[in-house]
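# Observations on the model geometry
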Amino acid sequence: MRKPIIAGNWKLHKTVNESRHLIQTLAENLKDVTDAEIVVAPVFTALESAVAAAKGSPIAIAAQNCYPASSGAFTGEVSPTLLKDIGCTGAIVGHSERRQLFGESNAFINAKVQALLAAGLRAIFCIGETLEERESGRMYDILTGQVKEGLAGLTPEDMDKVVVAYEPVWAIGTGKTASDEEAEEAHAFIRGLLQGIFNENVADKTPILYGGSVKPGNVDGLMAQEDIDGVLVGGASLVAEDFIRIARFQRSETVQQ
Ligand code: PEP
């Protein structure tokens, strides 16, 4: 019942022309994919031309960040309202790089989620534990705090516009992926949190993506897990061939057990 979502986070990579070219290649090669949602998140400066390049294709364009106000004296920031204005469908919020490098708190991320929803956009809400948090046995407390505080004040209806991305920090850009079982265990835990905070219906329908060194070689096993509804891909989303293969992951009916 949950449609898979394959999302690419391009981080601080690619010029406007390079972005347009990659979107065109993806659009051409993924035009027949109707059983998964494809989302890519280029840098701010490339968003408008990315929206134009993706027009008529199954690719949606999201931003990598936003500020939680629609306008005002916030030098250097970009609001959900402005993202909507150029045709973006949502934004990534709470990425571990923003939490770690820019000191973003759960409360600030919550404000961004709320601002995106108020603008009618989708929030791709990232959470995940560090290696130290995992090894010291605090992983579930950390995930619980991130989910409870990051989604505070939302109604079950609001959750229609929220995608959760579980990204263990130790797996991002490191080449170390969580095993299929480790990822599934975390996803099932997060789904349980959604059930406790909201209700069973929200838990059933909210997509939970896995992120952390997803590659063509490991996507099929991850996507075969019951509670993994898609992937958020960093490095491999910059390479057309890799991202196309990831979007063409082996559908579960045909996965060999
Ligand atoms: C990410 O940045 O969200 C990510 C998962 O990166 P990578 O795929 O490169 O680990």
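Everything below is about the structure shown above.
Note that the structure is a prediction, hence the values are computed from the model and not measured. (Residues numbered from 1 in each chain as written. Predicted model: local features only at pLDDT ≥ 70, side-chain atom pairs only at ≥ 80, totals over all residues. Heavy atoms only, no water.)

## Description of the site of the ligand
Just so we agree on the cut-off: Each residue is tested against the molecule or strand, and it is near if at least one of its non-hydrogen atoms lies within 4 Å. We call two N or O atoms a polar contact when they sit within 3.5 Å, provided that within protein one can donate a hydrogen and the other can accept it, with sequence-adjacent residues counted only if both atoms are side-chain atoms. Throughout, the Shrake-Rupley method with a 1.4 Å probe supplies accessible areas, and for residues the shown protein chains are the sole cover considered. We call Asp, Glu, Lys and Arg charged. Ala, Val, Leu, Ile, Met, Phe, Trp, Tyr, Cys and Pro are nonpolar, and the rest, Gly among them, are polar.
Around the ligand there are 14 residues in total, and K11, E167, G173, S213 and G234 lie nearest to it. In the environment of the ligand, an oxygen atom lies 2.8 Å from a nitrogen or oxygen atom belonging to the side chain of H95. Separating an oxygen atom of the ligand from a backbone N or O atom of G235 is a distance of 2.8 Å. Burial of the ligand by the surrounding chains reaches 97%, relative to a free accessible area of 290 Å². Residues of the shell around the ligand, tallied by class, amount to four nonpolar, eight polar and two charged.

## Considering the packing of aromatic side chains
Operational definition: Two rings from Phe, Tyr or Trp (for Trp, the six-membered ring) form a pair when their centres sit within 6.5 Å of each other. Planes less than 30 degrees apart are called stacked, planes more than 60 degrees apart edge-to-face, and all others tilted. For helices the rule is a DSSP run of H or I covering at least 4 residues; for strands it is a run of E covering at least 2, with both sets numbered from the N terminus onward. Partly exposed describes any residue whose relative accessible area lies between the buried limit of under 20% and the exposed limit of over 50%, with all areas from a 1.4 Å probe on protein chains only and scaled to the type maximum. Two limits define a charge over a ring: the Lys NZ or Arg CZ must be within 6 Å of the ring centre, and within 35 degrees of the ring normal.
Under the criterion given, the structure shown has four aromatic pairs. For the pair Y166 and Y210, a centre-to-centre distance of 6.3 Å together with 55° between the ring planes defines the contact as tilted. Of the two residues, Y166 sits in strand 6 (residues 162-166) while Y210 sits in strand 7 (residues 208-211), which places them 44 residues apart along the sequence. Exposure remark for Y210: the relative accessible area of 0% places this residue in the buried category. What links up through ring pairs into an aromatic cluster is the set Y67, F74 and F108. The ring of F249 has R251 lying over it, and the distance from NZ or CZ to the ring centre is 4.0 Å.

## Overview of the pattern of salt bridges
Think of it this way: side chains of opposite charge can pair up when their charged atoms draw near. The line we're drawing: Any Lys or Arg side-chain nitrogen located within 4 Å of an Asp or Glu carboxyl oxygen qualifies as a salt bridge.
Under the definition given, this model contains 15 salt bridges. Between R134 and E182 there is a salt bridge, with its nearest N and O atoms 3.7 Å apart. Here R134 is found in helix 6 (residues 131-135), whereas its partner E182 is found in helix 8 (residues 180-197), with 48 residues between them in sequence. Residue R134 is classed as partly exposed on the basis of its relative accessible area, which comes to 21%. Among the ionic contacts, a cluster of salt bridges with common partners joins R2, R191, D227 and D229.

## So, the side chain of E167
Applied cut-off: Two residues form a contact once any of their heavy atoms are found within 4.5 Å.
Tracing the backbone shows E167 in the loop between strand 6 and helix 8. At 3.4 Å, the side chain of E167 forms a polar contact with the side chain of H95. If we ignore the near neighbours within four places in the chain, the residues touching E167 are H95, C126, I127, G128, I172, G211, G212 and L232.

## Here's the deal with the state of the cysteines
Using the following cut-off: Throughout, disulfides are identified as pairs of cysteine sulfur atoms within 2.5 Å of each other.
Applying the stated criterion across every chain yields a total of zero disulfides. Lacking any disulfide linkage, C88 is separated from the closest cysteine sulfur, that of C66, by 10 Å. Using a relative accessible area of 4% as the deciding quantity, one classes C88 as buried. Left without a disulfide partner, C126 is nearest to the cysteine sulfur of C66, which lies 12 Å away.

## Details of the pairing of strand 3 (residues 59-63)
Where we set the bar: Whether two strands pair comes down to DSSP finding at least two bridges between them. With its strands directed away from the observer, a crossover is right-handed exactly when the path from the first strand over the helix to the second travels clockwise.
Extensive coverage of strand 3 is indicated by the burial of four of its five residues. The pairing of strand 2 (residues 37-41) with strand 3 spans three bridges and is classified as parallel. Its bridge partner being in strand 3, I38 is matched across the sheet by I59. Running through helix 2 (residues 47-54), the crossover from strand 2 to the neighbouring parallel element strand 3 is right-handed. The sheet contact formed by strand 3 and strand 4 (residues 90-93) spans two bridges and is parallel. Note that in strand 4 the partner of A63 across the bridge is A91. Read from strand 3 through helix 3 (residues 80-85) to strand 4, the crossover connection turns out right-handed.

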